[in-house]
Amino acid sequence: MRSGILVILLAIVAVAAYACMFIVNPTQQALVLTFGRIDKVVQEPGLNFKLPSPFQNVVYLDKRILDLNMPPLEAIAADKKRLVVDAFARYKISNPVLFYQRVQNVRVANQRLSTFLQSSLRSELGRTSFSAVVRDNRSGVMENIRRDVSASASELGIEVVDVKIRRADLPEANSQAIFGRMQTERQREATELRAQGEEQARRIRSRADRDAAVLVAEAKRDAEIVRGEGDAQRNKIFAEAFNQDPDFFAFYRSMQAYEAGLKQGDTNLVLSPDSSFFRYFKDPLGASPKAEDSTAVRSQAPVSAAPAQ
């Protein structure tokens, strides 16, 4: 009987001891409430003690950095352009007592922070141009929003660690219009570049044609000059040769005339046997009964010597 009572007493003591103990994890901080009033704050991990319920209760709060993902927001920039902004925040509970007194849990805290973040985004974007948000001063804009949200969140016992803008774009309709305008501008620039290229090509071709014509004309001129000098030199040589031995030159010219005039073919010649053309047929020395014929042949020999090369 006594052993049964002892077991019951030990069980009651064990249950009471268990009800007076609580463990705080490294990722948590705890508030000990006495009849709903905050009596103690525990921020170090480990085993702690309290009065059993309903005298004291424990509320656990997260010590880690928490996420706040905000739905896309439409805002108007300083240059009157509408933007669709997708942003998020990172925060932690810096004052658990104030946090519990103002919002009590993370769900309500996210709602309040989302309101602060939306208000700050609209306010900051209303003072900033579209190019600054997208390209020129994006980091500065996010830092201004973080300071603004952090100032409001400090009243809830929250410290805002970071605020980032994932995406800041124009609405779909505006984007399509801008893309169309950009495409039109690029096509216009391409057309202008092609026109300029064609103009340059025509100019280059005309210059090349002119230079080619000039080069051909100069080449022909130089060729005619060289040909004329050659003809002059040839005539000079023929004249010098004729002056050295007029009889041999007359004989040579007659042989060429026989070769050209007596070729096989349909050509007929009607000449007198006494003609000076046949004087070398009668006399190897080319004697002619008419002295004037020999004189005429000799006087014409240098002029007709051009075909002999």
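Preceding this paragraph is the structure being described.
Residues numbered from 1 in each chain as written. Predicted model: local features only at pLDDT ≥ 70, side-chain atom pairs only at ≥ 80, totals over all residues. Heavy atoms only, no water.

A. View of the pattern of salt bridges. Scanning all chains against the criterion turns up 15 salt bridges. Note that Arg127 and Glu124 form a salt bridge whose closest N and O atoms lie 2.5 Å from each other. Taking the relative accessible area as the measure of exposure, Glu124 reaches 7% and is therefore buried. The structure contains a network of salt bridges with shared partners spanning Glu143, Arg146 and Arg147. (Salt bridge = Lys/Arg side-chain N within 4 Å of Asp/Glu carboxyl O. Buried < 20%, exposed > 50% of the residue type's maximum accessible area, 1.4 Å probe, protein only.)

B. View of helix H7 (residues 246–261). Its 16 residues place the ends of H7 22 Å apart at the C-alpha level, agreeing with the 22 Å of an ideal helix rising 1.5 Å per residue. What H7 keeps buried is the set Phe249, Ala250, Arg253, Ser254, Gln256 and Tyr258. (Helix = DSSP H or I, 4+ residues; strand = E, 2+ residues; numbered from the N terminus. Expected span 1.5 Å × (residues − 1).)

C. Highlighting the sheet that holds strand S3 (residues 37–42). In space, the 3 strands of this open sheet follow the order S3-S2-S5, with antiparallel pairing throughout. Each edge of the open sheet is held by one strand with a lone partner, namely S3 and strand S5 (56–62). On average, each strand axis in the sheet is tilted by 30° relative to the strand beside it, whichever way the strands run. Relative to S3, strand S2 (residues 28–34) runs antiparallel, the two being bridged by 5 bridges. Note that in S3 the partner of Leu33 across the bridge is Ile38. (Pairing = 2+ DSSP bridges. Axes fitted to C-alpha atoms, helices over the stretch in contact; angles between N-to-C directions.)

D. Representation of the packing of aromatic side chains in the model. This model, assessed by the stated rule, comprises 1 aromatic pair. When the centroid spacing of 6.1 Å and the interplanar angle of 80° are considered together, the rings of Phe35 and Phe55 count as edge-to-face. With a gap of 20 residues between them, Phe35 in the loop between S2 and S3 and Phe55 in the loop between strand S4 (46–49) and S5 connect regions that are remote in the sequence. Classification of Phe35 as exposed rests on a relative accessible area of 64%. Residue Phe55 is classed as partly exposed on the basis of its relative accessible area, which comes to 42%. (Phe/Tyr/Trp six-rings, centres within 6.5 Å; stacked < 30°, edge-to-face > 60°.)

E. How the structure looks around the pairing of strand S7 (residues 73–76). Of the two faces of S7, only one is covered, namely that formed by Leu73 and Ala75; the face formed by Glu74 and Ile76 stays uncovered. Relative to strand S8 (residues 82–93), S7 is paired through 4 bridges, and the arrangement is antiparallel. Directly across from Glu74, in S8, lies its bridge partner Val84. In textbook terms, the turn of a hairpin is the stretch between consecutive antiparallel strands, and for S7 and S8 this stretch comprises 5 residues, one of which, Lys80, has a positive phi near 65°.

F. Region of interest: helix H5 (residues 138–153). Taking 1.5 Å as the rise per residue, H5 with 16 residues should run 22 Å; its terminal C-alpha atoms sit 22 Å apart, in good agreement. Looking at the buried residues of H5, the elements they touch are helix H3 (106–126) and strand S9 (158–169). (Contact = heavy atoms within 4.5 Å.)

G. Local environment of the nonpolar core. Leu113, Leu117, Leu121, Ile145, Ile158 and Ile165 are the most contacted members of the largest nonpolar core, which has 38 residues in total. Looking at this core, you find at least three residues from each of domain 1 (17–61) and domain 2 (64–170). Excluding residues within four positions of it along the chain, Ile158 makes contact with Tyr91, Lys92, Ser94, Phe99, Ala109, Leu113 and Ala153. With 5 residues, the next largest nonpolar core counts Phe22, Ala30, Val32 and Val42 among its residues. (Core = buried A, V, L, I, M, F, W, Y, C linked by side-chain atoms within 4.5 Å. Domains from an automatic or database assignment.)

H. Region of the structure containing the environment of Phe130. Structurally, the position occupied by Phe130 is in helix H4 (residues 130–136). Assessed through its relative accessible area of 18%, Phe130 is described here as buried. Between the C-alpha atoms of Phe130 and Lys80, which are 50 residues apart in sequence, the distance is 8.6 Å. In this structure, Phe130 is in contact with Ala77, Asp79, Lys81, Leu83 and Leu170, ignoring residues within four places of it in sequence.

I. Representation of the pairing of strand S1 (residues 21–24) within the structure. By the alternation rule, side chains of S1 split into Phe22 and Val24, which are all buried, and Met21 and Ile23, of which none is buried. Both S1 and S4 contribute to a ladder of 4 bridges, which runs antiparallel. Pairing of Phe22 across the sheet is with Asn48, part of S4.

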